[in-house]
Amino acid sequence: QVRLVESGGGLVQAGGSLRLSCAASGTVRSNNAMGWYRQAPGKQRELVASITSSGNTNLADSVKGRFTISRDNAKNTVYLHMNSLKPEDTAVYYCYLDLRIRYWGQGTQVTVSS
């Protein structure tokens, strides 16, 4: 009953910016925790950012000062604002939403060129 649709990925040069969106549909309530993981080829999955329905956020050390996470509860959408992108940010970014279990989006590719 829950579907997460991600968008906003693409190609960008180092130093550029992207905004990822994750729209939730189905049986979703405003108190669901949501967030973003990323996984680069050959590397382990990394928790990038998380947010509660109250707006409390947490960011990985690797992206602090460059990324922010926010949500629009009216739209059931969470965003990842990525600034000052680096080549090491290249990965597939996956949105998640926590209910009784964790639901995942399909992933959106972010590629940062030097």
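Residues numbered from 1 in each chain as written. Predicted model: local features only at pLDDT ≥ 70, side-chain atom pairs only at ≥ 80, totals over all residues. Heavy atoms only, no water.

(A) How the structure looks around the sheet that holds strand S1 (residues 2-7). Here four strands make up an open sheet; going across it, the order is S1-S3-S8-S7 and the pairing antiparallel. The open sheet is flanked by S1 and strand S7 (67-72), the only strands paired with a single partner. This sheet shows a mean twist of 15° between the axes of neighbouring strands, independent of strand direction. With six bridges joining them, S7 and strand S8 (residues 77-82) adopt antiparallel strand pairing. (Pairing = 2+ DSSP bridges. Helix = DSSP H or I, 4+ residues; strand = E, 2+ residues; numbered from the N terminus. Axes fitted to C-alpha atoms, helices over the stretch in contact; angles between N-to-C directions.)

(B) Geometry of the nonpolar core. Of all hydrophobic cores here, the largest spans 29 residues; its most connected members are Met34, Trp36, Leu80, Met82 and Tyr93. Going through the elements one at a time, S1, strand S3 (18-26), strand S4 (34-39), strand S5 (46-51), S7, S8, strand S9 (91-98) and strand S11 (108-113) are the ones with two or more residues in this core. Beyond its immediate stretch of four places on either side in the chain, Tyr93 contacts Glu6, Leu20, Trp36, Tyr37, Arg38, Val48, Phe67, Leu80, Met82, Gly107, Thr108 and Val110. (Core = buried A, V, L, I, M, F, W, Y, C linked by side-chain atoms within 4.5 Å. Buried < 20%, exposed > 50% of the residue type's maximum accessible area, 1.4 Å probe, protein only. Contact = heavy atoms within 4.5 Å.)

(C) Summary view of the state of the cysteines. Throughout the structure, instances matching the rule amount to one disulfide. Disulfide partner of Cys22: Cys95, at an S-S distance of 2.1 Å. Between Cys22 and Cys95 the sulfur-sulfur dihedral comes to about -85°; the bridge is accordingly left-handed. In this pair, Cys22 is assigned in strand S3 and Cys95 in strand S9, connecting sequence segments 73 residues apart. Each member of the pair, Cys22 as well as Cys95, carries the same accessibility label: buried. (Disulfide = S-S within 2.5 Å.)

(D) Region of interest: the pattern of salt bridges. For the structure on display, the rule yields five salt bridges. Here Glu46 makes a salt bridge to Arg38, at a shortest N to O gap of 2.8 Å. By sharing partners, the salt bridges in this structure join Arg38, Glu46, Arg66 and Asp89 into a single network. (Salt bridge = Lys/Arg side-chain N within 4 Å of Asp/Glu carboxyl O.)

(E) Local environment of the side chain of Ser21. Turning to its location among the elements, Ser21 is positioned in strand S3. When residues no more than four places from it in sequence are discounted, the contact partners of Ser21 are Val5, Glu6, Ser7, Trp36, Thr77, Val78 and Tyr79.

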